[in-house]
Amino acid sequence: MDAHEDFERTVQLLGALALYAHLLGADQEFVALMGPALAASLPCGIVPHGYDPANDPEYPGEDA
């Protein structure tokens, strides 16, 4: 798998995790652990360093 395929797969996994997180009965501890782990594997600059989804705007780079 090349870097482009790896990036695409990671983004797909993050999307699937986001959908899963909204399902009734979803394991929120799993979501809380896997989300940052998957995001950390993205290349630098995709998600700003220090971005905290709990306290920052919903989308990095946009004001809420």
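Cut-offs used in this document
Residues numbered from 1 in each chain as written. Predicted model: local features only at pLDDT ≥ 70, side-chain atom pairs only at ≥ 80, totals over all residues. Heavy atoms only, no water. Helix = DSSP H or I, 4+ residues; strand = E, 2+ residues; numbered from the N terminus. Buried < 20%, exposed > 50% of the residue type's maximum accessible area, 1.4 Å probe, protein only. Contact = heavy atoms within 4.5 Å. Areas by Shrake-Rupley, 256 points an atom, 1.4 Å probe, with all protein chains shown as cover. Phe/Tyr/Trp six-rings, centres within 6.5 Å; stacked < 30°, edge-to-face > 60°. Patch = residues over 30% accessible without salt bridge, like charges linked within 9 Å, V, L, I, M, F, W, Y side chains within 5 Å. Salt bridge = Lys/Arg side-chain N within 4 Å of Asp/Glu carboxyl O. Lys, Arg positive; Asp, Glu negative; His and termini not counted. Charge placed at Lys NZ, Arg CZ, Asp CG, Glu CD. Polar contact = N/O pair within 3.5 Å; in protein donor to acceptor, adjacent residues only side chain to side chain. Axes fitted to C-alpha atoms, helices over the stretch in contact; angles between N-to-C directions. Parallel < 35°, antiparallel > 145°, perpendicular 65-115°, else oblique. Left-handed = near helix turned anticlockwise from the far one by under 90°. Nonpolar A, V, L, I, M, F, W, Y, C, P; charged D, E, K, R; others polar.

A. Highlighting the overall build of the chain. Scanning the chain from terminus to terminus reveals two helices and zero strands. Relative to its full complement of 64 residues, the chain shows a buried share of 12%. Of the contacts formed within the chain by residues at least 6 apart in sequence, a portion of 35% connects residues at least 24 apart. For the chain, the exposed area adds up to about 5,200 Å²; of that, 61% sits on carbon and sulfur atoms.

B. Broad picture of the packing of aromatic side chains. Under the counting rule described, the total for this entry stands at one aromatic pair. Taking 6.1 Å as the distance between ring centres and 85 degrees as the angle between the ring planes, the aromatic pair formed by Tyr-20 and Phe-30 counts as edge-to-face. Here Tyr-20, found in helix 1 (residues 3-21), pairs with Phe-30, found in helix 2 (residues 28-40); they are 10 residues apart in sequence, far enough to count as distant. For Tyr-20, a relative accessible area of 29% corresponds to the partly exposed category. Taking relative accessible area as the criterion, Phe-30 reaches 40% and is therefore assigned partly exposed.

C. Spatial organisation of a negative patch on the surface. On the surface, Asp-2, Glu-5, Asp-6 and Glu-8 cluster together into a patch of negative charge. Within the secondary structure layout, Glu-8 lies in helix 1.

D. Focus on the side chain of Thr-10. Mapped onto the secondary structure, Thr-10 falls in helix 1. Here Asp-6 takes part through its backbone oxygen, which lies 2.9 Å from a polar atom of the side chain of Thr-10. Not counting the four nearest positions on each side in its chain, Thr-10 is found in contact with Leu-38, Ser-41 and Leu-42.

E. Here's a closer look at a nonpolar patch on the surface. A surface patch of nonpolar side chains, amounting to about 280 Å² of accessible area, comprises Phe-30, Leu-33 and Met-34. You can see Met-34 is positioned in helix 2. The exposure class assigned to Met-34 is partly exposed, which follows from its relative accessible area of 31%.

F. The packing of helix 1 against helix 2, seen in detail. Packing of helix 1 against helix 2 leaves a shortest axis separation of 10 Å and a crossing angle of 160 degrees. The orientation of helix 1 with respect to helix 2, classified from their angle, is roughly antiparallel. Crossing of helix 1 over helix 2 shows left-handed handedness. When helix 1 is examined against helix 2, the residues Thr-10, Leu-13, Leu-14, Leu-17, Tyr-20 and Ala-21 are found in contact with a partner set consisting of Gln-28, Phe-30, Val-31, Met-34, Gly-35, Leu-38 and Ala-39. Split by residue class, the contact of helix 1 with helix 2 holds 10 nonpolar, three polar and no charged.

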